Amino acid sequence: MTKPTGPEQVSALSFEESTRRLSAIVEELEGGELPLERSLALFEEGVRLARAAKERLDRAERRVEELLGVDAQGKPIVREFES
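No experiment lies behind these values; they were computed from the predicted model shown.

Next up on the list: helix α2 (residues 15-30). For α2, spanning 16 residues, the distance from its first C-alpha to its last is 22 Å, which sits close to the expected 22 Å at 1.5 Å a residue. Every buried residue of α2 is listed here: S18, R21, I25 and E28. In a view along the axis of α2, the buried residues occupy a sector of 90°, so they form one face of it. Projecting away from the buried face of α2 at angles above 90 degrees are the exposed residues R20, E27 and E30.

Have a look at this one:
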């Protein structure tokens, strides 16, 4: 079993770590042998992880759009990268 992640730990995980943990949560929930409270805790953790992963994907998508952007003269639009 993978170590649970709390709200403060989710933002420290990479996208790949988040998706691995999400997969472990889904597998555990699909087993169907968990007490209700454990199921709810896993579900809450999964929601936090999914939201954080979506935010990372959204930021990456915006960055790609910026990198592919050009101005009216056809020159690349460049600005500082936000990490």
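Here we take up the environment of L68. Along the chain, the position of L68 falls in helix α3 (residues 36-68). Here L68 falls in the exposed class, since its relative accessible area comes to 66%.

Another aspect to go through is the nonpolar core. Grouped together as the largest cluster of nonpolar side chains are six residues: V10, L13, I25, L42, L49 and A52. Looking at this core element by element, the count peaks at three residues for α3. Excluding residues within four positions of it along the chain, L13 makes contact with T5, S18, L49 and R56.

For an α-helix, 3.6 residues make a turn, and residues three or four places apart therefore share a direction. With 33 residues, α3 should cover 48 Å at 1.5 Å per step; its first-to-last C-alpha distance of 47 Å lies within 8% of that length. Along α3, the residues classified as buried are S39, L42, E45, G46, L49, A52, A53 and R56. Looking at the buried side of α3, the elements it contacts are α1 (7-10) and α2.

So, about the packing of α2 against α3. Helix-helix packing: each pair is described by the crossing angle between the helix axes and the interaxial distance. In the contact formed by α2 and α3, the axes pass within 9 Å of each other and the chain directions differ by 150°. One way to sum up the angle between α2 and α3 is to call them roughly antiparallel. In this structure, the crossing between α2 and α3 has a hand that is left-handed. Only R38, S39, L42, F43, E45, G46, L49, A50, A53, R56 and L57 of α3 make contact with α2, whose side of the interface consists of F15, S18, R21, L22, I25, E28 and L29. Partitioned by chemical class, the residues of the contact of α2 with α3 number ten nonpolar, three polar and five charged.

Conventions used here
- Residues numbered from 1 in each chain as written.
- Predicted model: local features only at pLDDT ≥ 70, side-chain atom pairs only at ≥ 80, totals over all residues.
- Heavy atoms only, no water.
- Helix = DSSP H or I, 4+ residues; strand = E, 2+ residues; numbered from the N terminus.
- Expected span 1.5 Å × (residues − 1).
- Buried < 20%, exposed > 50% of the residue type's maximum accessible area, 1.4 Å probe, protein only.
- Arc of directions from axis to C-beta.
- Core = buried A, V, L, I, M, F, W, Y, C linked by side-chain atoms within 4.5 Å.
- Contact = heavy atoms within 4.5 Å.
- Axes fitted to C-alpha atoms, helices over the stretch in contact; angles between N-to-C directions.
- Parallel < 35°, antiparallel > 145°, perpendicular 65-115°, else oblique.
- Left-handed = near helix turned anticlockwise from the far one by under 90°.
- Nonpolar A, V, L, I, M, F, W, Y, C, P; charged D, E, K, R; others polar.

Honestly, it's all geometry; don't read function into it.
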